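Survey of secondary and tertiary structure
What follows is each chain in one-letter form.
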Amino acid sequence: MALCDPALLGGGWVNALRLSWLYLRVGVMNELQYRVNFVVQIFQSAITLLVGLAVLALVYSHTDELNGWTQPELLCVLGIQILMGGVIRTYIQPNMTRVMEEVRLGTLDYALTKPEDAQLLASVREVRIWQVVDVISGAVVLGFGLSRIESGLSAVDAAAFAIALLFGAVMIYCFWLVIATGAFWVVNMWTAAELFDGVFQTGRWPVGIYPGWLRVSVTFLVPIAFAVTVPAEAATSRLEWQTLLLAAGFAVVLLAFTRWFWRFGLRNYTGASA
Amino acid sequence: MEHAVHISGLEKIFMVPEREAGLVAATKSLVRRQSREVRAVDGISFDIAPGEVVGFLGPNGAGKTTTLKMLSGLLYPTGGEARILGHAPSKREKAFLRRITLVMGNRNQLQWDLPALDSYELNRAIYRIPRADFTPMRDDLIELLDVGDLVRKPVRQLSLGERMKVEIVGALLHRPQVLFLDEPTIGLDVTMQKRIRSFVATYNERHGATVLLTSHYMADVQALCKRVVVIHHGRILFDGPLTGLADQFAAYKTIGVALADGHVDLDRYGEVLHRDGDWVTLRVPKAETSQVTARLLSEQSVLDLRIEDTPIEDVIELVFAQARSE
């Protein structure tokens, strides 16, 4: 069974951390050469942030509350969405697009001939360190939003938030890995990848405001609700423990499924035969 | 002694989607997919002893790369068995992957923007090579390939040949016992090819490594491999010493001759392969070589004459031509 795989349990985590650290160092060395990226990134982050804030201000100039969320609470949602977007673009997206690219070029073969778990290796090789700017700016917005909520953040809420955020990141990783694994059959998965960016924008608002079909889609199909709304619920003291449990269960199921799917894909992978 | 590489009845069948050209056929294929079986590797068997260097030859699409990929655990065989140093490659065991390496001539695995030295460190960590083994091995390889200056430059600034050399260093840091080299000299200039050739020979000698090499450059094969395995349409045509290949398949020799009068018709002596100014190259059956030479010398005003074995490239061509006509 996939979950009993040593790469996922026990010593596997230590190894995963070791490899991540190694590639993080290489990634940082790589990106330090392109300082202009840093400037561009700050500029992009600033625009994202300003647009987000302007839209929020616009909405709250007409109403005091949106589906039970006050303005500072929605600031938290926006902060978490920016933060999670930063995590995705720092780690998840670059690695997964690299897998797709390497499947096309046939260079994934090199990763597969290394004495390491292929999924692990494929998941940690790229780090776009400048995207951390978004993580920081998201955290600042979140902090600012929290500071304006009167009830404040309890220790339990903070812990629930951290856990929910982790589950959310895991689910987004799984989603991307499924897309990337799809490249084993359909070489051009870029469209699906590009679609993600658009869909992720729905995370700016709590998923409760969307009609049922969309809510279900961005919860279970593309797990944006778990990645943004659920952590935001935790941060704003409205998370029910059942939701967190559901998130945990869904994360485990997704992780097991993607592990199986990746291996299934790998078995079918034939490489671009030279 | 146990074989380093043991292959028996190895098979790989691909299902390839297929359709006629044109819009109608394309639309039809949406509904009903036609596919065809391609037997890329069709039941091949051979063994390689530890420390042996074997040339793996065949035209494009013969099944060489597919075989190498099965042997390095990248492709699951459809049938048959492969064992490398006692491991089944398709299981991709870490103990197995640590003992082999795969070098593909036109592909790059080093970090593009960083000096190769940084990528070597990464490989050290991935292969868990103890520092005490790593440093001398790295320095040794760097010296052998003469890349001392190159490993400090970002890989993107290196030429194709330089990149190949630093790639090879990276691929051998973990001291693999079995090397799969797929066209390692492709696209390189002659000097660079020679360098890599002599390096492979030295590595083989020093570490007793087993090497399976594919190359389009017969010079590589001649310099390195006493034994060749020739594959065509997924089947083995020949497995034996390189010299035996010429004996078995080349029933001809070539006679190069320079005549005072370059316009004489030489068809009655043998098959004229080409004319280059006054220099004419003839192909004659091996058994008739001396007789034809004698006739040429007595009947024509010969300025220069040279008898040669069929070049190995031509032998290979003959082998494939023979296989096609069968």
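Calculation criteria
Residues numbered from 1 in each chain as written. Chains lettered and ligands numbered in written order. Predicted model: local features only at pLDDT ≥ 70, side-chain atom pairs only at ≥ 80, totals over all residues. Helix = DSSP H or I, 4+ residues; strand = E, 2+ residues; numbered from the N terminus. Buried ≥ 20, exposed ≤ 12 C-beta atoms within 10 Å, placed from the backbone. Contact = placed C-beta atoms within 7 Å. Pairing = 2+ DSSP bridges. Domains from an automatic or database assignment. Nonpolar A, V, L, I, M, F, W, Y, C, P; charged D, E, K, R; others polar. Expected span 1.5 Å × (residues − 1). Axes fitted to C-alpha atoms, helices over the stretch in contact; angles between N-to-C directions. Parallel < 35°, antiparallel > 145°, perpendicular 65-115°, else oblique. Left-handed = near helix turned anticlockwise from the far one by under 90°. Core = buried A, V, L, I, M, F, W, Y, C linked by C-beta atoms within 7 Å. pLDDT = per-residue confidence, 0-100.

Quick word on the overall build of chain A
Counting its regular elements, chain A contains 11 helices and 0 strands. Reading chain A from its N terminus to its C terminus gives the helix and strand order α-α-α-α-α-α-α-α-α-α-α. The buried share among the 274 residues of chain A stands at 40%. Intrachain contacts of chain A at a sequence separation of at least 6 include 82% that bridge at least 24 residues.

Points about the overall build of chain B
When helices and strands are tallied, chain B shows 11 helices and 13 strands. Viewed in the frame of its principal axes, chain B has a C-alpha envelope of about 75 × 60 × 50 Å. Residue burial in chain B is summarised as follows: out of 326 residues, 40% are buried. The long-range share in chain B, meaning contacts at least 24 apart out of those at least 6 apart in sequence, stands at 70%.

Thoughts on the pairing of strand β7 (residues 210-214) of chain B
All names here are of chain B. Buried residues dominate β7, accounting for 5 of its 5 residues. Along β7, one buried face is formed by Thr210, Leu212 and Thr214 and the opposite face, lined by Val211 and Leu213, is buried too. Here 3 bridges tie strand β3 (residues 53-57) to β7, and the two strands are oriented parallel to one another. For Val54, the partnering residue across the bridge sits in β7 and is Leu212. As judged from the 5 bridges shared by strand β6 (residues 178-182) and β7, these two strands associate in the parallel manner.

Quick word on the domain arrangement of chain B
Under the domain assignment used here, chain B contains domain 1 (5-14 + 43-246) and domain 2 (251-309). Its C-alpha centre places domain 1 of chain B at a distance of 42 Å from the equivalent point of domain 2 of chain B.

Side note on the interface of chain A and chain B
Facing 19 residues of chain A, the contacting portion of chain B comprises 24 residues. Elements represented by at least two residues in the side of chain A that touches chain B include exactly α1 (11-32) and α4 (108-112) of chain A. A total of 4 residues in the side of chain A that touches chain B trace back to one element, the largest contributor, which is α1 of chain A. Its residues assigned to classes, the side of chain A that touches chain B comprises 7 nonpolar, 8 polar and 4 charged.

Let's talk about helix α3 (residues 71-105) of chain A
Residue and element names in this part refer to chain A. Given a rise of 1.5 Å per residue, 35 residues ought to cover 51 Å, and the 48 Å separating the end C-alpha atoms of α3 matches this to within 8%. Counting buried positions along α3 yields 26 of 35 residues, so the element is predominantly enclosed. Once α3 finishes, Gly106 follows within two positions and takes phi at roughly 85 degrees, a positive value.

Some thoughts on the sheet that holds strand β9 (residues 235-241) of chain B
All names here are of chain B. The mixed open sheet is built from 6 strands, whose spatial order is β5-β6-β7-β3-β8-β9. Looking at strand neighbours, the two that pair on one side only are β5 (100-104) and β9, the edges of this open sheet. For this sheet the average axis-to-axis angle between neighbouring strands, irrespective of direction, equals 15 degrees. Running at roughly 115 degrees to β9, helix α9 (residues 242-249) makes contact with β8 (227-232) and β9 of the sheet.

Regarding the packing of α3 of chain A against helix α7 (residues 155-182) of chain A
All names here are of chain A. Where α3 contacts α7, the axes come no closer than 10 Å and their chain directions differ by 25 degrees. On the basis of their axis angle, the class for α3 and α7 is roughly parallel. The two elements α3 and α7 cross, and the hand of that crossing is right-handed. Judged by residue contacts, Met84, Val87, Ile88, Ile92, Gln93, Met96, Val99 and Met100 of α3 engage Gly168, Ala169, Ile172, Tyr173, Trp176, Leu177, Ile179 and Ala180 from α7. Of the residues belonging to the contact of α3 with α7, the class tally is 14 nonpolar, 2 polar and no charged.

Considerations on the packing of helix α10 (residues 224-235) of chain A against helix α11 (residues 241-268) of chain A
All names here are of chain A. Closest axis-to-axis distance for the α10/α11 pair is 11 Å, and the angle between their directions is 150 degrees. With respect to α11, the axis of α10 lies roughly antiparallel. Here α10 and α11 pass one another in a crossing that is left-handed. Contacts between α10 and α11 pair Phe226, Val230 and Glu233 from the former with Thr243, Ala247 and Phe250 from the latter. In terms of residue class, the contact of α10 with α11 is made up of 4 nonpolar, 1 polar and 1 charged.

So, the nonpolar core
Membership of the largest hydrophobic core comes to 150 residues, with the highest contact counts inside it found for Ala164, Met171, Trp176 and Ala180 of chain A together with Val166, Val169 and Leu212 of chain B. The element contributing the most residues to this core is α3 of chain A, with 17 residues. Domain assignment of the residues forming this core places at least three in each of domain 1 (5-14 + 43-246) and domain 2 (251-309) of chain B. Other than its neighbours up to four places away in sequence, Leu212 of chain B contacts Val5, Ile48, Val54, Phe56, Leu68 and Phe180 of chain B.

A closer look at unusual backbone geometry
Residue and element names in this part refer to chain B. Positive phi, close to 50 degrees, is recorded for Leu85, a residue that is not glycine. Position of Leu85 among the secondary structure elements: in the loop between β4 (79-84) and α3 (94-97). Residue classification places Leu85 among the partly exposed positions, given that 19 C-beta atoms sit within 10 Å. Even without a glycine there, the phi angle at Arg92 is positive, about 50 degrees. By the C-beta count within 10 Å, which is 20 here, Arg92 ends up buried.

So, the sheet that holds strand β1 (residues 5-18) of chain B
Residue and element names in this part refer to chain B. Across the sheet, 3 strands lie side by side as β2-β1-β4; this open sheet has antiparallel pairing. The sheet terminates laterally at β2 (34-48) and β4, the two strands that pair on one side only. Strand after strand, the sheet turns through a mean of 30 degrees between neighbouring axes, direction not considered. Bridging between β1 and β4 involves 5 bridges; their strand directions are antiparallel. When the bridges of β4 are listed, Ser8 appears paired with Glu81. Its contacts with the sheet put helix α2 (residues 64-71) on β1, β2 and β4, and the angle it makes with β1 is roughly 120 degrees.

Focus on the confidence of the model for chain B
On average, residues of chain B score 88 in pLDDT, and 98% of them reach the 70 mark or higher. For this predicted complex, the interface score ipTM comes out at 0.79, alongside a pTM of 0.82.

Some thoughts on the environment of Asp109 of chain A
Residues and elements named next belong to chain A. Mapped onto the secondary structure, Asp109 falls in helix α4. The exposure class of Asp109 is buried, given the 25 C-beta atoms found within 10 Å. When the C-alpha atoms of Asp109 and Tyr173 are compared, they prove to be 22 Å apart, with 64 residues separating the residues in sequence.

Brief notes about the environment of Ser217 of chain A
In this structure, Ser217 of chain A sits in helix α9 (residues 212-221). For the pair Ser217 of chain A and Val199 of chain A, spaced 18 residues apart in sequence, the C-alpha to C-alpha distance is 9.9 Å.

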